[in-house]
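# Fold and contact review
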Amino acid sequence: MNWDDTAPSAATDPALAADRLVGAAADGEDTAVEAALRPKDLGEFVGQERVREQLDLVLRAARARGATADHVLLSGAPGLGKTTLSMIIAAEMGAPIRITSGPAIQHAGDLAAILSSLQEGEVLFLDEIHRMSRPAEEMLYMAMEDFRVDVVVGKGPGATAIPLELPPFTLVGATTRAGLLPPPLRDRFGFTGHMEFYAPPELERVIHRSAGLLDVEIDAEGAAEIAGRSRGTPRIANRLLRRVRDYAQVKADGVITRATASRALDVYEVDARGLDRLDRAVLTALLKLFGGGPVGLSTLAVAVGEERETVEEVAEPFLVREGLLARTPRGRIATPAAWAHLGLVPPQQQAGGAGQQGLFGA
Ligand SMILES: Nc1ncnc2c1ncn2[C@@H]1O[C@H](COP(=O)(O)OP(=O)(O)OP(=O)(O)O)[C@@H](O)[C@H]1O
């Protein structure tokens, strides 16, 4: 396990993925608009039925006991609603919320300062909890279990630990990588909810709700068209909706229909399955230059003129999830669905084609 996972990477550094319309990380515009689009209570929160139902029980029971809710761990890909859910937890408990993130807490003292200023019942939302430093993480163990921290004063042999009592609080930890959390930390959460990608009908509901808030007219088919290209992610659905709204205003009568949505997203180069230019460049190189593979990652990256990390961390996860590309010990290979998606015929199916399978397993 690589616990010291604090180095920036294509997946964690928004700079690399920021200019992608279909990137799941929040960009500057999202941050400004998302506050207005966030559901305010569990009833408004679309989908995630299991997490929602279980969380509802946890919160109701805590309210009935007049107690602070148990600590909650939310895991799942970016943009699926972890921040939103943490705000809903605070709202449902009638408690204030403090928001911070693992990378912002590099020293145990940073965490002690936050914990010691919490009010009773407050929700502390700790995003990217897997990226917290080790000493801070160890302080968190005691804070979560005993509502106490030991603040170390001084250095060397003269250092003393001063115990500090904390008011009961609810920690909501969010992580894209639950597997990276050490078991002692995972075990201290009373409830763990895993957020799944959203099905198209759920994204349609997100889109209709957001369109209402943005005062945009959209019909059922228009919402379905955007949902199908949103990669299972509400943040992307909301972003595509805003771009389609621009197009509808400028090029049509302002109403989003299937035809308007489809034309708009073609202009923005997001295809019917949600692939953008980078995704298609990777697939096209894999199919056209390497006959569908297997081909080594570095070779593939050079072929599309991108960094290895960009291909591996930005483009591939979605292609793998969509069943268009497979990572094998011999290299990357395209699936039959990839050929079909790009409207190409695999070499072995071409009349007299010998195929190139196996030639490029670098
Ligand atoms: N279930 C949902 N119903 C309606 N809107 C949602 C839902 N989940 C997320 N959204 C919307 O998607 C956007 C992104 O959600 P949010 O910021 O909560 O995601 P996140 O999982 O915390 O992402 P990150 O890990 O990148 O911080 C917000 O505008 C939010 O309103």
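Refer to the preceding data block for the structure.
A brief look at the structure comes next. Here the structure is a predicted model, which means the values were calculated and not measured.

## A look at helix α8 (residues 200-214)
A rise of 1.5 Å per residue sets the reference length of α8, with its 15 residues, at 21 Å; its end C-alpha atoms lie 20 Å apart and thus fit the reference within 8%. Packed against the buried residues of α8 are α2 (28-37), α9 (220-228) and α10 (234-251).

## Considering the pairing of strand β1 (residues 72-75)
Look at any regular strand and the pattern is simple: side chains alternate between the two faces of the sheet. Residues Val 72 and Leu 74 of β1 are buried on one face, and the alternating residues Leu 73 and Ser 75, pointing to the opposite face, are buried as well. When β1 meets strand β6 (residues 170-175), the two strands line up parallel, connected through four bridges. Across the sheet, residue Leu 73 finds its bridge partner in β6, namely Gly 173. Note: β1 against strand β7 (residues 191-194), four bridges, orientation parallel. When the bridges of β7 are listed, Leu 73 appears paired with Thr 192.

## Brief notes about the side chain of Ser 133
Tracing the chain through its elements places Ser 133 in the loop between β3 (123-127) and α6 (134-146). In this structure Ser 133 touches Ile 105, Gln 106 and His 107, once residues within four positions along its chain are discounted.

## A few points about the packing of α8 against α9
At a closest axis distance of 8 Å, the pairing of α8 and α9 adopts a crossing angle of 120°. For the element pair α8 and α9, the recorded crossing hand is right-handed. Residues Pro 200, Leu 203, Glu 204, Ile 207 and His 208 of α8 form the contact with α9, whose participating residues are Ala 220, Ala 223, Ala 224, Ile 226 and Ala 227. For the contact of α8 with α9, the per-class residue count stands at eight nonpolar, one polar and one charged.

## Structural notes on the nonpolar core
Side chains of a nonpolar character, in soluble globular proteins, are inclined to be buried together. Counting residues in each nonpolar core, the largest one holds 46 residues, and the members touching the most others are Leu 85, Ile 207, Ile 218, Ile 226 and Ile 256. Broken down by element, the residue count for this core peaks at seven residues, all from α10. Here this core spans two domains, and each of domain 1 (38-194) and domain 2 (200-267) adds at least three residues to it. The next biggest cluster of nonpolar side chains, apart from the first, holds 24 residues, and it includes Ile 105, Leu 118, Leu 166 and Leu 185.

The rules behind these values
- Residues numbered from 1 in each chain as written.
- Predicted model: local features only at pLDDT ≥ 70, side-chain atom pairs only at ≥ 80, totals over all residues.
- Heavy atoms only, no water.
- Helix = DSSP H or I, 4+ residues; strand = E, 2+ residues; numbered from the N terminus.
- Expected span 1.5 Å × (residues − 1).
- Contact = heavy atoms within 4.5 Å.
- Buried < 20%, exposed > 50% of the residue type's maximum accessible area, 1.4 Å probe, protein only.
- Pairing = 2+ DSSP bridges.
- Axes fitted to C-alpha atoms, helices over the stretch in contact; angles between N-to-C directions.
- Left-handed = near helix turned anticlockwise from the far one by under 90°.
- Nonpolar A, V, L, I, M, F, W, Y, C, P; charged D, E, K, R; others polar.
- Core = buried A, V, L, I, M, F, W, Y, C linked by side-chain atoms within 4.5 Å.
- Domains from an automatic or database assignment.

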